[in-house]
Structures are given as structure tokens and as C-alpha cells.
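The lines below spell out each chain.
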Amino acid sequence: AGIWKVHNMKRAGKFMSHIIPRLKQKAIAAGVYKPARWLMDHVANRSRLESRKNLAHLLSSFVKPGDLCFDVGANIGDYTQTLLSIGARVVCVDPQPLAIRELTARYAGNQRVKIEPVGLGAVPGEAIFYLRDHHGASGFYPDLDSPYKATTTVPVNTLENLVTRHGTPNYV
């Protein structure tokens, strides 16, 4: 029975890892991302709230309300959410198109969040970005543990240019 349970859990995990991104994109397209996200965080996956609360407690020892923070590699903005709960202003930096779409839906209308849809590099320009099934594993390197499924060209900027545009962050 134990092996069957583990097998079913793995199958369920694979199913959910394919279905959740599709549901998110449909929620974004339908304009219901924020309430769907609230339900996910407050009903379906409450443990994330406790994790964010613990992280906020740790970060509040050096991030204060009003501080400017850069969330480099923001992905879908969970770290940003924690910084916002402390009262920080956040610049989300991420080049991945799906992540930018979700960040935009998640933080639309929030005056304390700015989204920079770029990667960071030594010089401004463009770079090839390797997309993987799990968007958190996507990046600028083709040779990681998981194979990439597609590539896209993304804009690249420098940290110095972002500081010029947004100000010097208290936390990166």
C-alpha cells in the first residue's frame, strides 16, 4: 500500500505541475488572477503564508518600511510579496515572459511595485533565455539538470542602469 501511495503522489504531483501553470494563464486572461491567487494562498496552500511570515520576520531586521528593494530573479513574486508585507518598495527584475505576465497580473495597481522585464548582465543588450518546463529552472544557461524546451531572446540591462532609474536599493 505504501508504494502505491508514493506512486500516486508522484503522479498527482506531475499532473499538478502541468495543470497549475495552465490554470494561472487562464485566470490571468480572464482577469481573475488576484482572487484566484488569494484562494490558493489562504485556502489551498496555507503553509506558504506561514513561510512568508517567518521570512518577513527575518527580513524585517534589515528591511524597513519605505526601503527600496530589488527582487532580482523575481519569478512570480513570492519574495516580492514578503517584502511588501514589511512595507518595502520593490523593483521586480525578471526576463521570463510568463513570469512577467504573472507579476503584472499579481501587482497591477500596486504603487510600491515596479516591474523590469529584463535580465541583468555586464552590458545592456539582448541574450538567449532558455525556457524549461518548470519556469523557476529557466535561465541564461543551456546546460542545467533539466533540459530546456525552447529559447527566446530577452532584453538585458545592468544593475547600474536600474539604480539610475529607480534609486539605490537598501536590499538586493
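Every chain is numbered independently, its residues counted from 1 as its sequence is written. Local features in a predicted model are, by the rule used here, given only for residues with pLDDT of at least 70; side-chain atom pairs are given and counted only at 80 or more, and totals for whole chains, interfaces and linings are based on all residues. To obtain the side-chain values, all non-hydrogen atoms of the structure were used and water was disregarded.

Peer 1: Which residues make up the overall build of the protein chain, and what values do they have?
Peer 2: Put simply, DSSP H or I for four residues or longer makes a helix, DSSP E for two residues or longer makes a strand, and each gets a number counted from the N terminus. From N to C terminus, the protein chain includes six helices and six strands. Going from N to C terminus, the protein chain has its helices and strands arranged as α-α-α-β-α-β-α-β-β-β-β-α. Once the C-alpha set of the protein chain is aligned to its principal axes, its extents read approximately 60 × 35 × 30 Å. The burial tally for the protein chain puts 33% of its 172 residues in the buried class. Expressed as a percentage of contacts within the protein chain between residues at least 6 apart in sequence, the contacts between residues at least 24 apart total 55%. In this tally, Asp and Glu contribute negative charge and Lys and Arg positive charge; neither His nor the terminal groups of the chain are included. All charge positions are set by atom: Lys at NZ, Arg at CZ, Asp at CG, Glu at CD. For the protein chain, the distance from the average position of its 22 positive side-chain charges to the average position of its 13 negative side-chain charges is 10 Å. The classification of residues rests on relative accessible area computed with a 1.4 Å probe and restricted to protein chains. Under 20% of the type maximum is buried, over 50% is exposed, and intermediate values are partly exposed. Contact criterion: two residues are considered in contact whenever any of their non-hydrogen atoms come within 4.5 Å of each other.

Peer 1: Outline the packing of aromatic side chains, listing residues and values.
Peer 2: For any pair of aromatic rings, the description rests on two quantities: the centre-to-centre distance and the angle between the ring planes. Classification of ring pairs uses Phe, Tyr and Trp, with its six-membered ring standing for Trp, and accepts pairs whose centres are within 6.5 Å; under 30 degrees between planes counts as stacked, over 60 as edge-to-face, and the remaining range as tilted. Using the criterion set out here, one finds four aromatic pairs in the structure. Arranged with centres 5.2 Å apart and planes meeting at 85 degrees, the rings of Phe 129 and Phe 140 form a pair that is edge-to-face. Linking Phe 129 in strand 5 (residues 125-131) with Phe 140 in the loop between strand 5 and strand 6 (150-157), this pair joins segments that are 11 residues apart in sequence. The class for Phe 140 is partly exposed, based on a relative accessible area of 28%. Relative to Tyr 148, the ring of Tyr 130 has its centre 4.7 Å away and its plane inclined at 65 degrees; by these criteria the two rings are edge-to-face. With Tyr 130 in strand 5 and Tyr 148 in the loop between strand 5 and strand 6, the pair connects residues that are 18 residues apart, well separated along the chain. The structure contains a cluster of three or more aromatic residues connected by ring pairs, namely Phe 62, Tyr 79 and Tyr 171.

Peer 1: Give a description of the sheet that holds strand 6 that names residues and reports values.
Peer 2: Pairing between two strands requires that DSSP report at least two bridges joining them. With respect to topology, three strands assemble into an open sheet ordered 4-6-5, the strand pairing being mixed. One side of each edge strand has no neighbouring strand; the edge strands of this open sheet are strand 4 (119-120) and strand 5. By the bridge criterion, two bridges tie strand 4 to strand 6 in an arrangement that is parallel. Directly across from Gly 119, in strand 6, lies its bridge partner Val 156.

Peer 1: Could you give an account of the nonpolar core, naming the residues involved and the relevant values?
Peer 2: Within the largest apolar cluster, 16 residues are counted, with the highest numbers of intra-cluster contacts made by Val 63 and Leu 83. Mapped onto this core, the elements with two or more residues apiece are helix 3 (47-59), helix 4 (78-86), strand 2 (89-93) and helix 5 (97-107). Non-local contacts of Val 63, meaning those with residues more than four positions away in its chain, are made with Cys 69, Leu 83, Ile 86, Ala 88 and Tyr 171. In this text, buried Ala, Val, Leu, Ile, Met, Phe, Trp, Tyr and Cys residues form a nonpolar core when linked through side-chain atoms within 4.5 Å.

Peer 1: Mind laying out the confidence of the model for the protein chain, listing which residues take part and the relevant values?
Peer 2: Detailed reading of the predicted model is not advised wherever pLDDT is low. As a per-residue measure, pLDDT reflects the predictor's confidence and takes values from 0 up to 100. Per-residue pLDDT for the protein chain averages 88, and the proportion of residues at 70 or more is 90%. This stretch, residues 4-9, has a pLDDT under 50; its non-local contacts, to residues over four places away or in other chains, come to zero contacts.

Peer 1: Outline unusual backbone geometry, supporting the account with residue identities and numerical values.
Peer 2: At Asn 75, a position not held by glycine, the phi torsion is positive, near 55 degrees. Within the secondary structure, Asn 75 sits in the loop between strand 1 (68-72) and helix 4. Looking at Asn 75, the relative accessible area reads 18%, which means it is buried.

Peer 1: Account for the sheet that holds strand 1, with residues named and values stated.
Peer 2: Adjacent strands of a sheet form backbone hydrogen bonds with each other and so pair up, either parallel or antiparallel. Strands sit in the order 1-2-3 across an open sheet of three strands; the sheet is parallel. Two strands lie at the open edges of the sheet, namely strand 1 and strand 3 (113-116), each paired on one side alone. Within this sheet the neighbouring strands show an average axis-to-axis angle of 20 degrees, counted without direction. As paired elements, strand 1 and strand 2 share five bridges and run parallel to each other. Following the sheet pairing, Phe 70 is matched in strand 2 by Val 91. Of the strands in this sheet, strand 1, strand 2 and strand 3 are in contact with helix 4, which crosses strand 2 at around 170 degrees. Against the sheet, helix 6 (residues 159-166) makes contact with strand 1, strand 2 and strand 3, and its axis sits at roughly 145 degrees relative to strand 1, the strand it touches most. Only the stretch in contact is used when fitting a helix axis, every axis being a line fitted to C-alpha atoms; angles between N-to-C directions are given from 0 to 180 degrees.

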